[in-house]
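Observations on the model geometry
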Amino acid sequence: MEQVNGDTLAAARKVIAVHINYPSRAAQRGRTPAQPSYFLKPSSSLAVSGSSVERPAGCELLGYEGEIALIIGKPARRVGLDDAWSHVAAITASNDLGVYDLRYADKGSNLRSKGGDGFTPVGPALIPADAVDPARLRIRTWHNGQLVQDDTTEDLLFPFARLVADLSQLLTLEEGDIILTGTPAGASVARPGDVLEVEVSAGDLTTGRLVTRVEEGTTPFADYGAGPKVDDVQREEAWGSREAAGLASPASALAPGLKTKLESVATATLSSQLRKRGLNNVSIDGLQATRPDRRVVGLARTLRYVPNREDLFKTHGGGFNAQKRAIDSVNEGEILVMEARGEKGTGTVGDILALRAQVRGAAAIITDGGVRDYAAVAGLDMPTYFANPHPAVLGRRHVPWDTDITIACGGTTVQPGDIIVADSDGILVIPPAIAEELVEDCITQEQEEAFIFEMVKQGNSVDGLYPMNAQWQARYEEWKADNMTPVGSSDD
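Given the structure is predicted, the values throughout are model-derived calculations rather than measurements.

Rules used throughout
- Residues numbered from 1 in each chain as written.
- Predicted model: local features only at pLDDT ≥ 70, side-chain atom pairs only at ≥ 80, totals over all residues.
- Heavy atoms only, no water.
- Helix = DSSP H or I, 4+ residues; strand = E, 2+ residues; numbered from the N terminus.
- Buried < 20%, exposed > 50% of the residue type's maximum accessible area, 1.4 Å probe, protein only.
- Contact = heavy atoms within 4.5 Å.
- Areas by Shrake-Rupley, 256 points an atom, 1.4 Å probe, with all protein chains shown as cover.
- pLDDT = per-residue confidence, 0-100.
- Axes fitted to C-alpha atoms, helices over the stretch in contact; angles between N-to-C directions.
- Parallel < 35°, antiparallel > 145°, perpendicular 65-115°, else oblique.
- Nonpolar A, V, L, I, M, F, W, Y, C, P; charged D, E, K, R; others polar.
- Core = buried A, V, L, I, M, F, W, Y, C linked by side-chain atoms within 4.5 Å.
- Phe/Tyr/Trp six-rings, centres within 6.5 Å; stacked < 30°, edge-to-face > 60°.
- Lys NZ or Arg CZ within 6 Å of the ring centre and 35° of its normal.
- Pairing = 2+ DSSP bridges.
- Polar contact = N/O pair within 3.5 Å; in protein donor to acceptor, adjacent residues only side chain to side chain.

On a plain count of helices and strands, the chain comes out with 14 helices and 30 strands. Projected onto its principal axes, the C-alpha positions of the chain cover 95 × 55 × 50 Å. Taking all 492 residues of the chain together, 49% fall into the buried category. In the chain, once contacts between residues fewer than 6 apart in sequence are set aside, the share between residues at least 24 apart is 77%. Summing over all exposed atoms, the chain offers an accessible surface of approximately 21,900 Å²; the carbon and sulfur share of this is 50%.

This part covers the environment of glutamate 454. Structurally, glutamate 454 can be placed in helix H13 (residues 435-457). Taking the C-alpha atoms as reference points, glutamate 454 and alanine 245, separated by 209 residues in sequence, lie 53 Å from one another.

With that out of the way, let us pick up the confidence of the model for the chain. With 97% of its residues at a pLDDT of at least 70, the chain reaches an overall mean of 91. Confidence over residues 488-492 falls short of pLDDT 50; this stretch has 1 contact with residues more than four positions distant or in other chains.

A few words now on the packing of H13 against helix H14 (residues 470-483). The interhelical angle for the contact between H13 and H14, taken along N-to-C directions, is 105°, at an axis separation of 10 Å. Of the possible angle classes, the one that applies to H13 and H14 is roughly perpendicular. Within the contact between the two elements, H13 uses Thr444, Gln447, Glu448, Ala450, Phe451 and Met455 and H14 uses Trp472, Gln473, Arg475, Tyr476, Trp479 and Lys480. Here the contact of H13 with H14 is composed, by residue class, of 6 nonpolar, 3 polar and 3 charged.

It is worth spelling out the nonpolar core at this point. Here is a general trend for soluble globular proteins: nonpolar side chains tend to be buried in one another's company. Membership of the largest hydrophobic core comes to 32 residues, with the highest contact counts inside it found for Ile68, Leu70, Trp85, Ile91, Phe160, Val164 and Leu173. Of all the elements in the fold, those that place two or more residues in this core are strand S1 (15-18), strand S6 (66-72), strand S7 (88-95), helix H5 (160-168) and strand S14 (195-202). When residues no more than four places from it in sequence are discounted, the contact partners of phenylalanine 160 are Asn21, Ile68, Leu70, Trp85, Pro134, Leu137, Thr153 and Thr181. By size, the runner-up hydrophobic cluster in this structure holds 21 residues, among which are Tyr305, Ala326, Ala362 and Leu380.

Turning our eyes to something else, we now look at the packing of aromatic side chains. Tallying each qualifying case throughout the model produces 6 aromatic pairs. On the numbers, 6.0 Å between centres and 65° between planes, the contact of phenylalanine 451 with tryptophan 472 is edge-to-face. Note that phenylalanine 451 is positioned in helix H13 and tryptophan 472 in helix H14, a separation of 21 residues in sequence. Given a relative accessible area of 9%, tryptophan 472 falls into the buried group. Clustering of aromatic rings is evident, with ring pairs tying together Phe451, Trp472, Tyr476 and Trp479. Taking NZ or CZ as reference, arginine 209 lies 3.5 Å from the ring centre of tryptophan 142, over its face.

What follows deals with unusual backbone geometry. The omega torsion across glycine 123 and proline 124 is 0°, close enough to zero to call that bond cis. By the element assignment, proline 124 lies in strand S9 (residues 120-128). The peptide bond linking tyrosine 466 to proline 467 adopts the cis configuration, its omega dihedral lying at 5°. With respect to the helices and strands, the residue proline 467 is situated in the loop between H13 and H14. Not every positive phi belongs to a glycine, and asparagine 144 is a case in point at roughly 55°.

Spatially, 3 strands are ordered S8-S5-S13 in an open sheet, and the strand pairing comes out antiparallel. If you trace the sheet from one side to the other, it starts and ends with strand S8 (98-99) and strand S13 (188-190), each paired once. Here strand S5 (residues 62-64) pairs with S13 via 3 bridges, running antiparallel. Paired with leucine 62 across the two strands is alanine 190, which belongs to S13.

Take helix H6 (residues 232-239) next. For H6, the tally of buried residues reaches 6 of 8 residues, placing the bulk of the element in the interior. Taken as a whole, H6 has its buried residues at Val233, Gln234, Glu236, Glu237, Ala238 and Trp239. The elements touched by buried residues of H6 are helix H2 (23-29), S13 and helix H10 (322-329). By the N-cap criterion, in which a side-chain oxygen at the helix start approaches the backbone nitrogen of a residue two or three places on, H6 is capped by aspartate 231, the distance to valine 233 being 3.1 Å. At the C-terminal side of H6, glycine 240 shows a positive phi close to 105°.

It is worth spelling out the environment of alanine 363 at this point. Mapping alanine 363 onto the fold places it in the loop between helix H11 (351-359) and strand S22 (364-367). Sequence-wise, alanine 363 and valine 200 are 163 residues apart; in three dimensions their C-alpha atoms are separated by 41 Å.

A separate point is the sheet that holds strand S25 (residues 388-389). Overall, parallel pairing links the 3 strands, which are arranged S21-S23-S25 in an open sheet. Strand pairing shows two members of the sheet lacking a second neighbour, strand S21 (347-349) and S25, which therefore form its edges. For S21 and strand S23 (residues 370-371), the ladder comprises 2 bridges, and the chain directions are parallel. In the sheet register, valine 349 faces S23, and the bridge partner there is valine 371.

The structure is reproduced here in structure tokens:
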């Protein structure tokens, strides 16, 4: 078979990449696009098998993504689905490399994050397109010899012919152009010294393994352009999960046993015990719930909106802004709490972002502002606590400003990692340092109140019983031994 060489790379005037196309990747990202979306990579990013790629100096997250590349064989402009595949000359393996450290810099264009020299190796062999069924291809990726990606094109979101036809509606695909068709789940991060290999096969036909070696860059970024910048959100995105990135889940501080106990006691009891500890300003007030039948317990993640100022909205309101970063990084069992200053004149979350939070496993969303698309948000299984419905978009009153900082919501202060307990009676903010002691006292209080209720029901006076004197306390201890099962234990 023909090999990818310098002539192949020189013929590519455009390199077009698809964002999400494999169901496995869509499930990993928690979003399934209705239509394909694309970005451009410069042809100068192309490289052949056996090349080395630099992880730029100062960067941490060089991501790799094994992909199938389509090589256009004849110009395509406004071609139909039935004819589109005939415009593809060959397929080969590719690796869509990029540094997550620079994703923030170009607001979605990926120019610097994915456009570096050597960031698009292709090859080594070309498989003729007319010799394969595009729905029967296999792609595999190895990282230091370990198989990390293995998928087929059988159930792509957007079959290859659709990509060609779709792109040709507005631009001419020219001979030699390359289309990267998306990556399956398993993409991750490579370090200097690592070896990456990608292979595409169709029965007995194979591209062979596309080999790329990672080197450490030595030339630092100048101070007149965007420099590398990462956070835990980007680490999770690059590695594929918090666990793979070596990040402890924020929800890990809420041990299952503690969560079960907090779910077992009434909000009123929690409020009473907080008050006994001098904590009177720990309730988020004035909100309603889409699911008043639900009780949720989780750790707070926070998002702050500031009052809209048109120039600031232009710089902070678009792209992958703080609102979207907060939604896209909330983890299983966490509760996203938004500071909207009690402003009711616009929405702070709508149906799509609320759904995204639910897909990521969020326990709830709490905002002291408005909710857009109320019927759709109310139809979600995940509860949302909010001030009122409102149809206006975010930019009418708010600029999404920052995440995971101390905020004010509904009249109280909320910090990342605070424990939130919410139900139809209200929303409480519990400092995690006192949670264990607090809930044990709540359980004791409710057991005592159950005994007192039973004694009153039997006709006893509340004098000396409520609160209990020594005599009643002794009778209570006997009653508790016979009637109470500790929370979290079983009779089995």
